[in-house]
Protein chains: 2
Amino acid sequence: MARETTIGEDKLIEHIRRRIPSAEGGLLRLGIGDDAAVLRPGPQIELVVTCDQSLEDVHFVAAVLPPEAIGYRALARATSDLAAMGARPQLFLLSLAIPAERMGRWLDRMLAGMARAARQFGLRLAGGDTAQSPPGNPKIGFDITVIGVVERGRAVYRSGARAGDAIFVSGRLGQAQLGLELVQRGLYRQRQWKRWLRPHYYPAICLELGQWLARRQLATAMMDISDGLSTDLHRLCRSGRVGARIFVSEIPCVAVPGELRERGMDALRLALHGGEDYGLLFTVRKSQIARIPRRYRGTALTRIGEIVGGRGVRLVNADGRSSPLAAQGWDHFAEVARRRVK
Amino acid sequence: MARETTIGEDKLIEHIRRRIPSAEGGLLRLGIGDDAAVLRPGPQIELVVTCDQSLEDVHFVAAVLPPEAIGYRALARATSDLAAMGARPQLFLLSLAIPAERMGRWLDRMLAGMARAARQFGLRLAGGDTAQSPPGNPKIGFDITVIGVVERGRAVYRSGARAGDAIFVSGRLGQAQLGLELVQRGLYRQRQWKRWLRPHYYPAICLELGQWLARRQLATAMMDISDGLSTDLHRLCRSGRVGARIFVSEIPCVAVPGELRERGMDALRLALHGGEDYGLLFTVRKSQIARIPRRYRGTALTRIGEIVGGRGVRLVNADGRSSPLAAQGWDHFAEVARRRVK
């Protein structure tokens, strides 16, 4: 934490430090309390570094989500990018902007959720920055930088897919989007939908799967599905200068209850374009496909299509006809802004 | 950059990438465009990592500061923490929240200022995260993570000061606070004060000095003065479990023009409690004092006092009498909030 001491800020940082694992050791030679953290990396490792914002009214609605969920998912979102590289999480830096009125019980509950995520992911807090949101604009903002390690040369990039590779996804797609839409439609208060909210509140990220695929060098390309399959598959293809075809019949869609289907929650739409499931999207050489199990530690691994030459993504229907699949997932800066809280 | 592609966001990230140095090489094995950056550190180095927020209406007034200054100082503020460790800047991650109406000319000017700082500090952009500020709350927010390197064991911590060490500061103190107060009092529009704004707009950070002190192992403790000498010296003392006395007559204060002195801008107050000069505060063993020059590359190095046993900071007046010096610099969370934009 760069700004430290004097009564107010000092107390806040001490408060955070006591609640979130932050002991020095291993990679972390010097932690919270100085101008910066000092890391001593081993000789055979590479560091993997990423950051992710979670802003009130952009990424979450503070009035709806429990503070524990806000803290948990802020850290999970950022750490998912390490899963997508096959890295083991080590440290994180927390930048927090918080209004005065959230400093008491709200802060404690948020930190409890974040601490749970940190323990679960094996992360220690190494530093950060705190600021008070101005009274005229009392919004909460997180920016979290996560640092992981991977054996030299074993990180899995987005760019490695080649024509002929099979395309896999982990888990069921569209679950988090279903939860988000329950929030947006005000249905989150109804007890019957409570369990459907969980994937939105506490996203499950795929650290062990990502590390396993990287260690065994099974994935030629990998990324996490954060903005929706349609958008993220386009990214993976562009990155590798390849195209893809995926099969409607193979996509592992969220199971939408009948009552919600009637309200327009279509499973295929949610699965193709809904973001924040944080499953992994990865490609596998044909010769290696047999080494991919149907499930990895309880999570389904589903082959949904294949990488092809050329460009673009096509969706193949049950009748064998295919059509281009547009990137219709989340985009902060889309020209026709699809405004929604995610 | 974690979120990439699709028309809008993709364009923004490509835009940023073209304007700010971001080529892979050296420490940076994989840069912008994947889930995370990959770093390959050498065997004899340590990494130094820090992050710093710059939020509209908290750290800067977007209606007053030129966009170039906002971009420059956001990066300078964060990088100053590396100077304070004696590290060489290498890479940074940029998290940016930006409203739609700032996406054109304002963005370009801001990036030009940030690119200038990046080139000056030797930093390459390795990744980040972008989000659009919601229309109802169109504020700009930066969070910047900076990564530097230092030879194993050579980073200078805050905690190393011992009784008997001499206390030094670099540069003149209170200059940035003077600029800030010209902004706050609406005097920034008057041409005659223009040059006094510069230390607030484009803070000069002390990278070379910090690296020189670290390399030669001349500083026992070091930090940058970001929140004001009174506040930061307390931090340095607390960190080393020591006390300090400093001499009013030795403090290198900003030269305040007579007209501004009459308006209550007191040089000693500005120097003791004004933040954001980003000079270095460091301590030196008695036996090493002769090795500290009066100036280092044009910047004055001034001995202002000494570390003592016990706790607390005392200010010694011209008549030899001393009194406790309270930490009255910037604190986001002070119980009596000293609200100001810094």
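This one's a predicted model, so the numbers in the text were calculated from it and none came from an experiment.

What follows concerns the overall build of chain A. Looking only at helices and strands, chain A has 9 helices and 14 strands in total. In terms of C-alpha radius of gyration, chain A reaches 21 Å, essentially the compact-globule figure of 20 Å for 342 residues. In terms of principal-axis extent, the alpha carbons of chain A reach across some 70 × 55 × 35 Å. Put simply, chain A has 342 residues, and 64% of those count as buried. Computed over 51 positive and 34 negative side-chain charges, the inter-centroid distance for chain A is 6 Å.

Taken in spatial order, the 6 strands make up an open sheet running β1(A)-β2(A)-β3(B)-β6(B)-β4(B)-β5(B), and their pairing is mixed. Each of the sheet's edge strands pairs with one partner strand only, and the pair in question is β1 (28-30) of chain A together with β5 (124-132) of chain B. Strand-to-strand twist of the sheet, defined as the mean angle between neighbouring strand axes without regard to direction, takes the value 25 degrees. The pairing of strand β4 (residues 88-98) of chain B with β5 of chain B spans 8 bridges and is parallel. By the bridge assignment for β5 of chain B, I98 of chain B is matched with Q132 of chain B.

All names here are of chain B. Relative to the 24 Å expected for 17 residues at 1.5 Å per residue, helix α3 (residues 105-121) spans 24 Å between its end C-alpha atoms, a close match to the ideal helical length. Taken together, the buried positions of α3 are W106, L107, M110, L111, G113, M114, A115, A117, A118 and F121. Just past α3, the residue G122 takes up positive phi, approximately 75 degrees.

Next up on the list: the relation of the copies chain B and chain A. If you rotate chain B by 180 degrees and push it 0.0 Å along the axis, it lands on chain A with an RMSD of 0.0 Å. In symmetry terms, the pair is related by a two-fold rotation axis. Scanning chain B for the C-alpha nearest the rotation axis identifies P43 of chain B, at a separation of 2.6 Å. Take the interface residues of chain B: 100% of them recur as interface residues in chain A, which is what a same-surface contact looks like.

With that settled, the discussion passes to the packing of aromatic side chains. Residues and elements named next belong to chain A. One pass over the full model with this rule turns up 10 aromatic pairs over all chains. Ring centres 5.3 Å apart and planes at 70 degrees place the aromatic pair Y72 and Y202 in the edge-to-face group. Note that Y72 is positioned in helix α2 (residues 67-83) and Y202 in the loop between α5 (194-201) and α6 (207-215), a separation of 130 residues in sequence. For the pair formed by Y72 and Y202, the shared burial category is buried. An aromatic cluster is present here, built from Y72, F121 and Y202 joined pairwise through their rings. Residue placement shows R195 over the ring face of W196; its charged tip is 4.4 Å from the ring centre.

This brings us to the sheet that holds strand β4 (residues 88-98) of chain A. Pairing in this open sheet of 6 strands is mixed, and the strands run β5(A)-β4(A)-β6(A)-β3(A)-β2(B)-β1(B) from one edge to the other. The sheet is open, and its two edges are formed by β5 (124-132) of chain A together with β1 (28-30) of chain B, each paired on a single side. Strand after strand, the sheet turns through a mean of 25 degrees between neighbouring axes, direction not considered. Across the sheet, helix α3 (residues 105-121) of chain A is in contact with β4 and β6 (141-151) of chain A; its angle to β4 of chain A comes to roughly 165 degrees.

Further remarks concern the environment of G104 of chain B. Note on placement: G104 of chain B falls in the loop between β4 and α3. Distance in space between the C-alpha atoms of G104 of chain B and D266 of chain B is 41 Å, their sequence separation being 162 residues.

Rules of the game
Residues numbered from 1 in each chain as written. Chains lettered and ligands numbered in written order. Predicted model: local features only at pLDDT ≥ 70, side-chain atom pairs only at ≥ 80, totals over all residues. Heavy atoms only, no water. Helix = DSSP H or I, 4+ residues; strand = E, 2+ residues; numbered from the N terminus. Rg over C-alpha atoms; globule rule 2.2 N^0.38 Å. Buried < 20%, exposed > 50% of the residue type's maximum accessible area, 1.4 Å probe, protein only. Lys, Arg positive; Asp, Glu negative; His and termini not counted. Charge placed at Lys NZ, Arg CZ, Asp CG, Glu CD. Pairing = 2+ DSSP bridges. Axes fitted to C-alpha atoms, helices over the stretch in contact; angles between N-to-C directions. Expected span 1.5 Å × (residues − 1). Least-squares fit on C-alpha atoms with pLDDT ≥ 70 in both. Contact = heavy atoms within 4.5 Å. Phe/Tyr/Trp six-rings, centres within 6.5 Å; stacked < 30°, edge-to-face > 60°. Lys NZ or Arg CZ within 6 Å of the ring centre and 35° of its normal.

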